[in-house]
Amino acid sequence: MFIGWIRGNRLTADLQEFEAQKVVDKNLILTTYAQNPTYCFGLYEEKKLLALITAYDFYDSVLINNFYTLDGVEIDFKKRLVQLLLNNIEANRTILILAKSDELDSFKELDFERYASFKQAVFSGGGVAFNFSNATAKSISNENYQQTLKKYDYRAFREDRFEYITRAVMKQSSLMLSNDFGYQHSYALNRSVVKISPWIMQSEALSDAEKFIRGVIYHRGLKKIIAFIPEVKEIVDLYTSYKFDVVSGYQLLYLGNKPSIDLEMVYAL
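Reading the values: the criteria
- Residues numbered from 1 in each chain as written.
- Predicted model: local features only at pLDDT ≥ 70, side-chain atom pairs only at ≥ 80, totals over all residues.
- Heavy atoms only, no water.
- Core = buried A, V, L, I, M, F, W, Y, C linked by side-chain atoms within 4.5 Å.
- Buried < 20%, exposed > 50% of the residue type's maximum accessible area, 1.4 Å probe, protein only.
- Contact = heavy atoms within 4.5 Å.
- Helix = DSSP H or I, 4+ residues; strand = E, 2+ residues; numbered from the N terminus.
- Pairing = 2+ DSSP bridges.
- 1 Å grid on protein atoms, 1.4 Å probe; cavity = no way out; pocket = protein on both sides within 12 Å on 5 of 7 lines; lining within 4 Å.
- Points joined across faces, edges and corners; volume = space filled by probe spheres on them.

**Student:** I would appreciate a short explanation of the nonpolar core in the present structure.
**Tutor:** Nonpolar side chains tend to gather and get buried jointly when the protein is soluble and globular. By size, the foremost hydrophobic cluster in this structure holds 63 residues, and its most contacted members are Tyr164, Trp199, Ile213, Tyr239 and Phe244. Beyond its immediate stretch of four places on either side in the chain, Tyr164 contacts Leu28, Tyr56, Phe58, Leu63, Asn65 and Val169. In terms of nonpolar packing, the next biggest core, distinct from the first, is built from 39 residues, Cys40, Ala51, Phe77 and Ala99 among them.

Now the structure itself:
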């Protein structure tokens with residue numbers, strides 16, 4: 001086994017083989033690697049990529065935005081991969097990761113702490129009875145979404161994430177919906193799976209949030225839709241009311257200074 005920096009000269013080919021066994025956010029991996037390859041590491045068996053981790057460097061914090069392992073990779077190798085990344089991040093940085101709950105003990109051994117519990121919401125297609133009029137569509141199709149994104153995303157995360165969202169996360173398949181109370185971004189992970197990420201709303205803008213969830217189902221509902229959502233009752237209830245299956249199993253963890261995130265604004269991480 002070899003653990004070290006991702007082999008960038010064959011990363012695209014490696015990801016094609018990797019995603020044959022696991023759904024990955026290939027575009028986000030590639031754009032994150034382009035932003036800072038020194039925060040991108042892989043586990044290899046000879047030339048085969050078995051696991052990878054990448055992180056995006058913000059001004060105040062670092063977000064571990066991709067952490068994938070193929071089935072059969074032992075927990076010790078996963079921990080070594082995370083530790084290698086941590087060893088290469090400057091001291092006194094806040095580090096965030098959305099981890100599976102069954103990996104919580106391993107991250108705690110690396111001094112991560114739990115910030116909040118999250119759930120995965122999954123829409124598997126099929127009919128959902130609701131009205132989606134032209135007026136509703138126009139009300140969330142604000143072309144001048146950038147100011148809304150900057151305003152509410154910063155208010156939710158206390159971090160300037162504008163470049164990350166518009167350059168690293170966005171891709172050709174992106175659908176951006178917005179109005180004066182928030183924005184929602186969704187994009188295709190592959191031909192059959194769409195991910196909502198991120199979706200940020202002004203606090204207590206539930207009626208407008210309902211317009212956005214109708215919009216994403218209207219535009220994307222023939223595919224599987226996934227989102228990772230905080231355990232905030234109003235947000236969970238909104239997803240379940242539109243036939244999303246919501247299951248526990250994720251934890252937002254941090255290392256270093258505790259962040260200040262307004263979870264009531266985060267309708268999808």
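That was the structure; now back to the text.
**Student:** Would you explain unusual backbone geometry in this entry?
**Tutor:** It is generally the case that most residues other than glycine have a negative phi and that most peptide bonds are trans. The omega angle of the peptide bond from Ser197 to Pro198 is -10°, so this bond is cis rather than trans. Relative to the helices and strands, Pro198 resides in strand S9 (residues 193–201). A positive phi angle is found at Arg158, which is not glycine, with a value near 55°. Position of Arg158 among the secondary structure elements: in the loop between helix H6 (145–157) and helix H7 (162–169). On the accessibility criterion, Arg158 (49% relative accessible area) is partly exposed. The backbone phi angle of Glu204 is positive, close to 65°, even though this residue is not glycine.

**Student:** Looking at this structure, how should I read the pairing of strand S4 (residues 61–69)?
**Tutor:** Look at any regular strand and the pattern is simple: side chains alternate between the two faces of the sheet. The element S4 is extensively covered by neighbouring structure, given that nine of its nine residues are classed as buried. As defined by bridge partners, strand S3 (residues 48–57) adjoins S4 across seven bridges and the pair is classed as antiparallel. Following the sheet pairing, Asp57 is matched in S4 by Val62. Linking S3 back to S4 in an antiparallel pair, the connection comprises three residues. Looking at chain direction, S4 and strand S5 (residues 94–100) are connected through four bridges and run parallel. Paired with Leu63 across the bridge in S5 is Leu96.

**Student:** Honestly, empty space enclosed by the protein in this entry has me stumped. Any pointers?
**Tutor:** A water-sized probe, rolled over the atoms, reveals where empty space remains. Evaluation of the coordinates by the stated rule reveals one cavity of 30 Å³ or more. Looking at the largest cavity, its volume works out to about 60 Å³. In terms of lining, the largest cavity is formed by Phe67, Ile75, Lys78, Lys79, Val82, Glu103, Ser106, Phe107 and Leu110. Of all the secondary-structure elements, those providing two or more residues to the lining of the largest cavity are helix H3 (75–87) and helix H4 (104–109).

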